Every structure is written in structure tokens, then in C-alpha cells.
Amino acid sequence: MAGKESSSSSIPNTPLLKDELDIVIPTIRNLDFLEMWRPFFQPYHLIIVQDGDPSKTIKVPEGFDYELYNRNDINRILGPKSSCISFKDSACRCFGYMVSKKKYIYTIDDDCFVAKDPSGKEINALEQHIKNLLTPSTPYFFNTLYDPYREGADFVRGYPFSLREGAQTAVSHGLWLNIPDYDAPTQLVKPRERNTRYVDAILTIPKGTLFPMCGMNLAFDRELIGPAMYFGLMGDGQPIGRYDDMWAGWCTKVICDHLGLGVKTGLPYIWHSKASNPFVNLKKEYNGIFWQEELIPFFQSVVLSKDCSTVQKCYVELSKQVREKLGKIDPYFNKLADAMVTWIEAWDELNPSAKG
């Protein structure tokens, strides 16, 4: 186990994994929101991926250790392979995953603020994600007290002892207070709905179960699952948007299941400050709303061969199945399958020691 959990203090004396974690932020605006996160984020290295006009200057508050990449940088670093990185869409964040040299990634959107727990204490979301990643998951057998590795919990009676070691955790998926992550039709029907329910729980998503992965409060072990965290082709020039994190989540979960890795969801919460325009969202999501009715059965039935012993091999095989099974839905999926392969080639070029 990589270190004991810190005390109940919201800010540990020595920040957990200070030199082993990068924070990746996609943005089109000045990052004033970092001021609120300063007590929790300042010790860490930030990778900022600037979307949109590369000539615009993004201001970052003083005192943060960061590197910033705009579209010109992406084109320069990846050359022709930059075609796999989306433009005018937060999917561009996955470029940050690729250029990172750290073991862990935490990614957050610039409209996400520090939340408070029911006692009024500020939540150190990053610290909780790290605890989630450093403790095992239980994908093979559900524990009715949820995460048995949390303080004050354990495995319940009837839980097989042979499964109590659990599986390595690859992904920690956090949630949101205030503005929930709804699709456009739900936003339109419930424009004033706010999430005020703080549920003090962390669950392992069972093997064989897919989930909608939201990218705005997400952490993962880059060495275990990084190459599967491709946020697809979205935004400018593409027939779909707002499915970047969903696509990454479905691919990642199928590969985690195949490789025996765990995915957790629940704590920590952030405060999602503003709702995006539901009419704009509907235009972006329109195709996806129809396509997902065929995408989900596809991912539910995917079988990866025993030869797929690394994330890269799994992902390339998955791309072939995307072309074969989903290409008939729309030509976009042939383009996406090509981009999946390009992504892996680019990942291996930038991370030669981690080749699959």
C-alpha cells in the first residue's frame, strides 16, 4: 500500500503524491478559479490545455507551477498525429494526459469550485481522489457497506475472504454539488434543478457494468490505464460533442474489466458553478443521443482476446471492433477508429518506456 491515509485535517502537512501527480485543466479563459483551489492545488504541477484561439493569452494566478499548451504547441509536438486531438471542445484535455510524465492525473473543469461537506468544511477533492486510487477496489463482489477500505468500514459477513485483497484501482470518478451533469433534454425539462444531496459513499462499479464517466472531477492512474483515456474526436468539424468523456469511460471500463482493474465512483464532490446552455448542448448531443442506444450494447458485448495484455493492445483491438461493428452506424466511427490508433501511436512516441 502506498502510504497511510493522512489525518482528518483537510490539508495534509505533506501533500500526498506531490511529485507523482499532474492536474490537467482544459480552458478557454483566465484561470481565476484557481485562487479558490490554491490551498489544495498549489503544491502540484498543472498542465493547462488551452482550447480555441491560440493567440489569446490565458492568465494564470501567480505562484502556480504550470505548463500551458495551445493548439500551435499540440500541432508542433504531434505533427500530423495532432489530428487525433479535438479542437473547440474540452476533449482536448487528453493531450495533457499524453504529455504528462507523472503516475497519476487529476482533471477538473474551470467552472468547478471547492465544495463543502454537510458540516461546512471545505472538501479537499484531490486528497480524496488520491485515497481512492491508493486503496483497492472490489469489482468482483459487491460490499454492502460500500468501500471496505475506508475508516470505520470493513467487509461484511458473507464476503469471500479470497476476494478481500481487491483489485488495483485505476479510476476515481468524483461527483458534483449544485449543477448536476445532465444531458440537454433533462436540462430543458428541469432547468432549475440543483443537486443538494451529499452522499458520503464510495462505490466500486462492478465488473461488467458500464457507467457515464464525467470528465470534470476525475482522477486516474496514468501508468495503469492512461492510454485508454482518449476523449475521442469531438467539437470542431465533428458531428458530435459532449460525449468525449463518455467515450473514454466506456472504453476504459471495458479495458479495466479485461485487465482486472477497478473503477470507483462517489466522493469527492466539487461545486459545479454554472449550467451550460441546453440549446447549444442539444445541438452537440443530438447524434449521440441516438447513437448511444447502439453504442452501449456494443460495449456491453465487447470481448478482448487473451493476447491483449496491455492497455495499448486492448485499445488497438477495440478500435478494430469499433470500425467493424459501429462503422455501419455512421462514417464518423471509421474516422474515430483511425483516430484511436493514431492516439496510441502518439502516446507511445511521447512515452517510449511505456509501450504496450
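Counting restarts for each chain: residues are numbered from 1 in the order of the written sequence. Residue-level local features of this predicted model are given only where pLDDT is at least 70; pairs of side-chain atoms are given and counted only at 80 or more, and the full residue set underlies all totals for whole chains, interfaces and linings. As a rule here, side-chain values cover all heavy atoms of the structure and leave hydrogens and water aside.

Under an unreviewed UniProt entry, the name given to the chain is UDP-arabinopyranose mutase, and the organism recorded is Musa balbisiana. UniProt positions are given in the numbering used here, feature names are shortened, and annotations may be inferred rather than shown by experiment. Taken verbatim from the UniProt record of the chain, the Function (unreviewed entry) comment is "Probable UDP-L-arabinose mutase involved in the biosynthesis of cell wall non-cellulosic polysaccharides." Per UniProt, the comment on the chain under Catalytic activity (unreviewed entry) is "UDP-beta-L-arabinofuranose = UDP-beta-L-arabinopyranose".

Caption draft 1: The packing of aromatic side chains, seen in detail. A pair of aromatic rings is counted whenever rings of Phe, Tyr or Trp (Trp by its six-membered ring) have centres within 6.5 Å, and the orientation is called stacked for planes under 30 degrees apart, edge-to-face for over 60 and tilted otherwise. Tallied over the full model, the rule gives 22 aromatic pairs. Between Tyr-97 and Phe-231 the ring centres are 5.7 Å apart and the planes differ by 75 degrees, which places this aromatic pair in the edge-to-face class. With Tyr-97 in helix H3 (residues 94-99) and Phe-231 in the loop between helix H6 (222-225) and helix H7 (244-259), this residue pair connects regions lying 134 residues apart in the sequence. Only protein chains enter the accessibility calculation, which uses a 1.4 Å probe; a residue is then buried when its area is under 20% of its type maximum, exposed when over 50%, and partly exposed in between. Using a relative accessible area of 0% as the deciding quantity, one classes Tyr-97 as buried. Each helix is a run of H or I in the DSSP string that is no shorter than four residues. Each strand is a run of E no shorter than two, and both are numbered from the N terminus.

Caption draft 2: Fine view of the nonpolar core. What makes a nonpolar core is a set of buried Ala, Val, Leu, Ile, Met, Phe, Trp, Tyr and Cys residues whose side-chain atoms join them at distances within 4.5 Å. Counting 66 residues, the largest nonpolar core has Ile-225, Tyr-230, Trp-247, Tyr-315 and Trp-343 as the members making the most contacts within it. Ranked by residue count, the leading element in this core is helix H10 (residues 332-350), at ten residues. Here a residue-residue contact requires only that any non-hydrogen atoms of the pair lie within 4.5 Å. When residues no more than four places from it in sequence are discounted, the contact partners of Ile-225 are Ala-170, Val-171, Phe-220, Thr-252, Ile-255, Cys-256, Leu-261 and Val-311. Counting residues in hydrophobic clusters, the runner-up holds 32 residues, among them Leu-16, Val-114, Leu-134 and Met-216.

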